[in-house]
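Working through the structure, step by step
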Amino acid sequence: MERVVLVTGASGGVGLALCQRLLEVDGRIHLCIACRNEQKSEATRDLILATHPAAQVSTVEVDLGNLASILRAARELRCRFQRLDFVYLNAGIMPNPHVNFKALWHGLLTGKVLHMLTTAEGIMTQTDRLNGDGLQEVFATNLFGHFMLVRQLQSLLCGKEKPSRLIWTSSSNARESAFSLSDYQHAKGQESYSSSKYATDLTSVVLNRKFNGQGLYSSVVCPGLVMSNMTYGILPVFLWKLLMPIMWLIRFVAKTYTLTPYNGAEAHVWLFKQKPEYLDSHVKYHSCTSGLGKCYVEPRKMDVDEDIAEKFYQKLLELEEQTLEKYHDLLD
């Protein structure tokens with residue numbers, strides 16, 4: 001049987017590049033692309049089939065920031081498939097990003113600017129808001145929506161005879177200092193994106209501990225700095241165009257400046273080829289590009305506290321229980 005691969009956030013950026021690269025690696029897979037609405041889904045499917053006309057590509061509508069949409073999509077997927085081999089949890093948002101130019105200048109004076117430019121630490125903030133479900137929008141879309149989707153698809157994922165894989169798109173911006181158990185939705189801070197990505201790392205570690213024995217394995221990747229709709233929202237487009245020559249030069253010393261979605265998907269595709277039982281659950285796999293344009297993957301140990309990860313997982317389960325009480329009519 002062909003392997004079934006589900007990709008969220010497939011309509012552009014790393015998600016779209018990933019879909020095209022996976023079909024280059026194995027044209028026999030059944031690729032299911034998850035987008036927020038029918039128009040995006042069909043447009044993305046047509047774009048993929050234009051370059052891979054023989055591919056098996058189906059679509060599913062899901063808005064990861066809308067719990068009812070997630071439950072409907074999960075029910076549809078359970079009816080359509082007997083199992084899922086790979087789920088790429090790639091969709092994400094970074095609303096209203098702001099650059100702290102004062103902090104950037106300070107980093108330049110103190111010699112920390114390269115670290116700041118490769119991690120966005122101290123120079124990037126976001127203005128978050130509540131979504132229609134009463135959850136912080138970034139937390140809901142980047143982490144909790146995916147968590148709910150995985151939980152609802154568990155019957156398609158756990159199988160000892162043939163392992164299933166979860167591959168989360170995290171970030172080098174995932175920092176413990178931006179995350180708090182007492183405010184895990186990050187309602188009180190201005191680094192919601194960083195918090196959500198650190199929460200992603202925590203979740204992946206716990207999922208491995210709890211489900212490896214049942215045939216489900218989880219990994220996290222960092223695509224590096226990719227020029228996409230998300231990054232173009234940070235600065236005006238004309239400024240990015242002015243900065244691009246400098247960014248190409250920076251790549252000689254900052255290997256995570258992958259810049260293109262194709263390069264950013266390198267770690268995602270690399271993991272597609274690996275045996276999960278040989279991977280380290282505490283490692284994040286970074287897409288890297290040399291100054292001369294060579295793509296490669298660099299594993300880096302994550303700074304994750306097992307105790308905090310377990311406590312956070314329990315909070316996710318509690319939130320899930322509250323959520324399912326509201327949407328019991330969408331459950332089987």
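Residues numbered from 1 in each chain as written. Predicted model: local features only at pLDDT ≥ 70, side-chain atom pairs only at ≥ 80, totals over all residues. Heavy atoms only, no water.

The protein chain has the name 3-keto-steroid reductase/17-beta-hydroxysteroid dehydrogenase 7 in an unreviewed UniProt entry, where Toxostoma redivivum is given as its organism. Heading Subcellular location (unreviewed entry) of the UniProt record for the protein chain holds this comment: "Endoplasmic reticulum membrane". Under the heading Sequence similarities (unreviewed entry), UniProt records this for the protein chain: "Belongs to the short-chain dehydrogenases/reductases (SDR) family. ERG27 subfamily." (UniProt positions renumbered as here; feature names shortened; annotations may be inferred.)

Thoughts on the packing of helix α6 (residues 137–152) against helix α13 (residues 306–326)
One way to put it is that α6 packs onto α13 with a least axis distance of 11 Å and a crossing angle of 75°. When the axes of α6 and α13 are compared, the pair comes out roughly perpendicular. Facing α6, whose interface residues are Phe139, Leu143, Phe144, Phe147, Met148, Arg151 and Gln152, α13 presents Phe312, Tyr313, Leu316, Leu317, Leu319, Glu320, Thr323 and Leu324. Per-class residue counts for the contact of α6 with α13 are 11 nonpolar, 2 polar and 2 charged. (Axes fitted to C-alpha atoms, helices over the stretch in contact; angles between N-to-C directions. Helix = DSSP H or I, 4+ residues; strand = E, 2+ residues; numbered from the N terminus. Parallel < 35°, antiparallel > 145°, perpendicular 65-115°, else oblique. Contact = heavy atoms within 4.5 Å. Nonpolar A, V, L, I, M, F, W, Y, C, P; charged D, E, K, R; others polar.)

Notes on the sheet that holds strand β4 (residues 86–89)
What the 8 strands build is an open sheet, ordered β3-β2-β1-β4-β7-β8-β9-β10; its pairing is mixed. Every interior strand has two partners, whereas the edge strands, β3 (56–61) and β10 (295–301), have only one. Sheet twist, expressed as the mean angle between neighbouring strand axes with direction ignored, is 25°. Relative to strand β9 (residues 283–289), strand β8 (residues 216–222) runs parallel, the two being bridged by 3 bridges. Within β9, the position partnered with cysteine 222 by the bridge is histidine 286. Contacting β2 (30–35) and β3, helix α2 (residues 38–51) crosses the sheet at an angle of about 165° to β3. Along the sheet, helix α3 (residues 67–80) contacts β1 (4–8), β2 and β3; its crossing angle with β3, the most-contacted strand, is approximately 145°. (Pairing = 2+ DSSP bridges.)

Observations concerning α3
For α3, which comprises 14 residues, the first-to-last C-alpha distance of 20 Å matches the rise-based estimate of 20 Å (1.5 Å per residue) to within 8%. For α3, the set of buried residues is Leu67, Ala68, Ser69, Ile70, Leu71, Ala73, Ala74, Leu77 and Arg78. In the core, the buried residues of α3 are packed alongside β1, β2, β3, α6, α7 (154–157) and α13. (Expected span 1.5 Å × (residues − 1). Buried < 20%, exposed > 50% of the residue type's maximum accessible area, 1.4 Å probe, protein only.)

Comments concerning the nonpolar core
Among the nonpolar cores identified, the biggest contains 55 residues, and Leu6, Leu84, Phe144, Leu153, Leu166 and Phe312 are the most heavily contacted of them. Broken down by element, this core gets its largest block of residues, 8 residues, from α6. Leave out the neighbours within four places in its chain, and phenylalanine 312 touches Phe139, Leu143, Phe179, Leu181, Tyr184, Ala199, Leu202 and Thr203. Among the nonpolar cores identified, the runner-up in size contains 31 residues, and Leu22, Ala55, Ile167 and Ala265 belong to it. (Core = buried A, V, L, I, M, F, W, Y, C linked by side-chain atoms within 4.5 Å.)

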